[in-house]
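In case you want the letters, here they are:
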Amino acid sequence: MKKRIASFAGGFLAALTLSACLTTALAASGKVSYNFANISMDGTRKITAGQDITAANGQKVPGSILYTDEAGGKTNYLPIRTISELLGTEIRYDSATKTVLLGKQPAKPAAAPEVRPAGDESVIDLRTPKTVPENPRRGDTALIKSRGGTILPDDDPNSYRGNEKMFKDKDGELRYEYMVGNLGALDDLDKKVAERHLVNGDYPKNNKGENYGPKQLVNYVGYVPDLLYVAEEGDHPAGYYRQTERSAATAKMDGRSEEECPHTIGIPLYDSEGKVIGSYNIGCAGHFYAPGMTLEEVLESVEDAVERGEW
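My aim in this report is to walk through the structure given alongside it, one point at a time. Everything quoted here is computed from the prediction, not taken from an experiment.

1. Some words on the pattern of salt bridges
Right, so step 1: The tally for this structure, following the rule as stated, stands at 7 salt bridges.
Right, so step 2: Where D154 meets R138, a salt bridge forms, and the shortest distance between an N and an O atom there is 3.0 Å. Of this pair, D154 sits in the loop between β11 (150-151) and β12 (160-161) while R138 sits in the loop between β10 (123-124) and α3 (141-146); the two residues are 16 residues apart in sequence, bridging distant segments of the chain.
Right, so step 3: Between R242 and E210 there is a salt bridge, and its shortest N-O distance comes to 2.9 Å. Pair noted here: R242 is in the loop between β17 (239-241) and α6 (243-253) and E210 is in the loop between α4 (188-197) and β15 (212-213), with a separation of 32 residues, a long-range link. E210 matches R242 in its accessibility class, with the two residues each being buried.

Below you can see the structure in the form of structure tokens.
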């Protein structure tokens with residue numbers, strides 16, 4: 001087992017290095033597709049191709065991401081939390097230094113210890129606690145309920161992630177209480193996006209009563225809008241799509257062979273009133289995997305792709 005973990009860790013670090021060499025940023029003209037591979041370890045399936053995984057805050061997120069750059073180069077990404085779980089390694093995030101902390105961290109010097117009070121916003125623990133935190137970070141419950149959210153029991157450890165109190169949005173997805181309406185929790189880029197797309201901190205509504213706006217602000221607003229914003233790109237103007245239609249298009253391509261796959265499927269692109277203004281092409285997840293592949297086989301497929309110059 002130790003040998004396999006060491007081999008996997010080495011391959012993963014090599015993949016990180018390769019990623020750094022091939023891409024310096026995710027260019028706006030590149031294509032991103034999701035859920036390209038099955039990931040198994042010791043005979044146990046950890047990630048299933050074509051399916052999202054559940055993040056620590058209860059949200060559905062891609063189990064893998066394939067990024068295709070302008071030159072056709074392909075870079076694959078796996079969730080670092082899943083990687084840490086495969087290796088049995090603890091994971092935390094220090095937002096003050098923007099550092100992912102894997103494994104046990106060295107102790108602070110005795111002469112100058114650093115003490116973080118409960119609820120310190122610079123550290124987010126993603127784990128479900130065994131007991132209710134003594135001083136959890138909470139949010140504006142009145143605002144959350146006004147936007148269809150459900151407040152979870154204070155005395156249940158499952159209502160928390162680390163020191164953070166969670167709630168369920170109107171679609172039943174878990175979210176952080178403290179994020180809703182908390183402008184200070186947004187970075188400078190998200191603040192600009194919020195200023196451009198939100199009205200009084202909420203997604204605006206069209207004449208049909210549908211909310212519309214960018215998905216990146218769902219934790220700040222507290223729910224997912226009906227129409228999701230997509231910026232102008234080469235083959236389409238700026239507009240909105242429906243997540244159900246995007247998911248259906250992705251599902252049609254998942255698991256197909258390279259010969260069978262259409263590689264792109266167009267879904268309706270709407271304006272803010274829900275009127276169709278064009279088509280938004282959804283790309284497939286690539287073809288570097290086959291159903292039932294083990295983790296080692298996925299890594300071998302990656303190495304073969306590198307040798308062929310496809311990454």
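2. Side note on α4
Right, so step 1: Taken together, the buried positions of α4 are D190, V193, A194 and H197. Along α4, the residues classed as buried sweep out an arc of 100° about the axis, all on the same side. Residues D188, K192, E195 and R196 are exposed on α4 and point more than 90 degrees away from its buried face.
Right, so step 2: At its buried positions, α4 is contacted by β16 (227-230).
Right, so step 3: Where α4 begins, the side chain of D187 points an oxygen toward the backbone nitrogen of L189, at a separation of 3.3 Å.

Reading the values: rules and limits
By convention here, each chain's residues receive numbers from 1 onward along its written sequence. Local features are withheld for residues below a pLDDT of 70 in this predicted model, meaning they are given only at 70 or higher, and side-chain atom pairs are given and counted only at 80 or more; totals for whole chains, interfaces and linings count all residues. Excluding hydrogens and water, the side-chain figures rest on all heavy atoms present in the structure. What makes a salt bridge here is a side-chain nitrogen of Lys or Arg within 4 Å of a carboxyl oxygen of Asp or Glu, nothing more. The way it works is that DSSP assigns letters per residue, a run of H or I at least four long becomes a helix, a run of E at least two long becomes a strand, and they are numbered from the N terminus. Residue exposure (1.4 Å probe, protein chains only): buried if accessible area is under 20% of the type maximum, exposed if over 50%, otherwise partly exposed. Directions drawn from the helix axis to the C-beta atoms are what define this arc. Pairs of residues are marked as contacts when any of their non-hydrogen atoms sit within 4.5 Å. Polar contact criterion, stated in full: a pair of N or O atoms within 3.5 Å, where within protein one must be able to donate a hydrogen and the other to accept it, and residues adjacent in sequence count only if both atoms are side-chain atoms.

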